[in-house]
Amino acid sequence: MNQKSPWREWKKSGARWICQIVDRIKPALLKVLPRSVLRYLKNHVVYRVVMPEEAGRLPYEPDAYPGGVNLYGYLKAEMGLGQGARLTAGALKAAGLPYCLINFETGNSARQADSEWEKEFVESPRYNVNLIHINAGQMDLLHLMLPNSCWDKRYNIAVWLWELEDFPDEWCKYFQMVDEVWAPSQFTAEAIARKSPVPVRVIPYGVCAEADSTVGRAQFGLPEDIFLFLCMYDVNSMMARKNPTGAIRAFKEAFGKDEPGVGLVVKVNNSSEKDLAILRKELEGYPNIFLIGETLPKPAVYSLIAACDAFVSLHRSEGFGLVPAEAMYLGVPVIGTGWSSVTDFMTEENSCPVRYELVRLQKDYYMFKENQRWAEPDIGHAATYMRQLYEDRSYYEKIARNGQRDIREQFSPEKAGEKIRQRLTELGLLAEASSVL
């Protein structure tokens, strides 16, 4: 494969320096430039400095590095993509595989404060497999920031998430940067595989969510003696997709504003004033709906979930559905839209799948294409589930028990780690692993 010219390498080094400077001044830029302008600069200036078709890499060479996994990801980011990378680290550890962790922060606007794996971070890859847990649209930026030696002679696997049925044509150019793609759900894998020239495999997350039993409702300013539903979403995941207003409207339909003994908690991560204003308008006149706009560390989030009685996710689409899965892990019944990736683990026996209608997306969502659609959940059906969980204790206990059992047995870190091991063994990539460590 052709080596890059000195001019190309110089331009890449200069662009890397620019990215680092921009990251440092990003808080100031966000105050003076609209997000649309920043998005344009990122997509049409920074990412185009090194195009993937110019980012040639030396093919995999079996004896170049010892067997093991270099996991790249937003390992400190307090968002779903970051948590997915951390769960992947947990699966690698559970499987006893040689691995190292390389944190990546450039281009990520979420708070970088999760230190769960920080002590294991390294600067450079050690092994023959790169497992790259970022989304497809960020591959240019990662390639820009890393030296060629990180890619050359290694087997490169991307872990990509996508929430809709049609994988964007604009991202298909990134397939040439990797040898195969992993997706955490069947839904996502099928969307990617329709356009992928490389193998696509389903490697689900190993879910683990441990709450602090000493942290209760009082720490969150919530009433102790009522039945609490909870919905939450991250601003980085798009409000329209997560649809917290759907959960609010279902609650309003199921219960009156003055009905005693029941309430709804709306938790927002990485909140913006615009989103909070929309939610506050929805909450007007309902003293039994509580808004938490503070970004909490992950253990506190788990404690909040465990402190509530049921979780509601009237999402319009999901790439995996981490929070519903975490709620089920904690024994909290889940009401959720029965479409997209959550169908891998949500059934009528272990959760409350809400009916839906598939609708076309509006032009201001996603990388708009006329054939893209997502689910519009049936608010009345969700409200019926809310009343049933609230009023029928035996049904509540059945859903809670079955959900917890299924997630812990079928989506454990050990199960996920074993799937990783099986795939890498099938590819012949772990032959030297026994000689490492």
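Description of the structure in this document.

Turning our eyes to something else, we now look at the sheet that holds strand β5 (residues 180-183). Read across the sheet, six strands follow the order β2-β1-β3-β4-β5-β6 without closing on themselves; strand pairing throughout is parallel. Each of the sheet's edge strands pairs with one partner strand only, and the pair in question is β2 (99-103) and β6 (200-202). Neighbouring strand axes in the sheet, compared pairwise and without regard to direction, differ in orientation by 25° on average. In the sheet, strand β3 (residues 129-133) pairs with strand β4 (residues 155-159) via four bridges, with the strands oriented parallel. From the neighbouring strand, I132 faces β4, where its bridge partner is A158. Across the sheet, helix α3 (residues 80-94) touches β1 (69-73), β2 and β3, and the angle it forms with β1 is around 165°. Most of the contacts of helix α13 (residues 413-426) go to β5, to which it runs at about 165°, and overall it touches β1, β3, β4, β5 and β6.

Before going further, it helps to examine the nonpolar core. Within soluble globular proteins, side chains that are nonpolar tend to cluster in buried spots. With 81 residues, the main nonpolar core has M139, W160, V181, I305 and F345 as its most contacted residues. If you tally residues by element for this core, the top one is helix α10 (residues 322-329), at six residues.

What follows is about the side chain of T337. Note that T337 resides in strand β11 (residues 334-337). Overall, T337 belongs to the buried group, its relative accessible area being 0%. Reaching out from T337, the side chain makes a polar contact with the backbone oxygen of H315 at a distance of 2.7 Å. In this structure, T337 is in contact with S313, L314, H315, V342, V354, Y356, A375 and P377, ignoring residues within four places of it in sequence.

On to unusual backbone geometry. The bulk of non-glycine residues show a negative phi, and the bulk of peptide bonds are trans. A positive phi angle is found at N243, which is not glycine, with a value near 60°. In this fold, N243 is placed in the loop between α6 (239-242) and α7 (244-254).

Cut-offs used in this document
- Residues numbered from 1 in each chain as written.
- Predicted model: local features only at pLDDT ≥ 70, side-chain atom pairs only at ≥ 80, totals over all residues.
- Heavy atoms only, no water.
- Pairing = 2+ DSSP bridges.
- Helix = DSSP H or I, 4+ residues; strand = E, 2+ residues; numbered from the N terminus.
- Axes fitted to C-alpha atoms, helices over the stretch in contact; angles between N-to-C directions.
- Contact = heavy atoms within 4.5 Å.
- Core = buried A, V, L, I, M, F, W, Y, C linked by side-chain atoms within 4.5 Å.
- Buried < 20%, exposed > 50% of the residue type's maximum accessible area, 1.4 Å probe, protein only.
- Polar contact = N/O pair within 3.5 Å; in protein donor to acceptor, adjacent residues only side chain to side chain.

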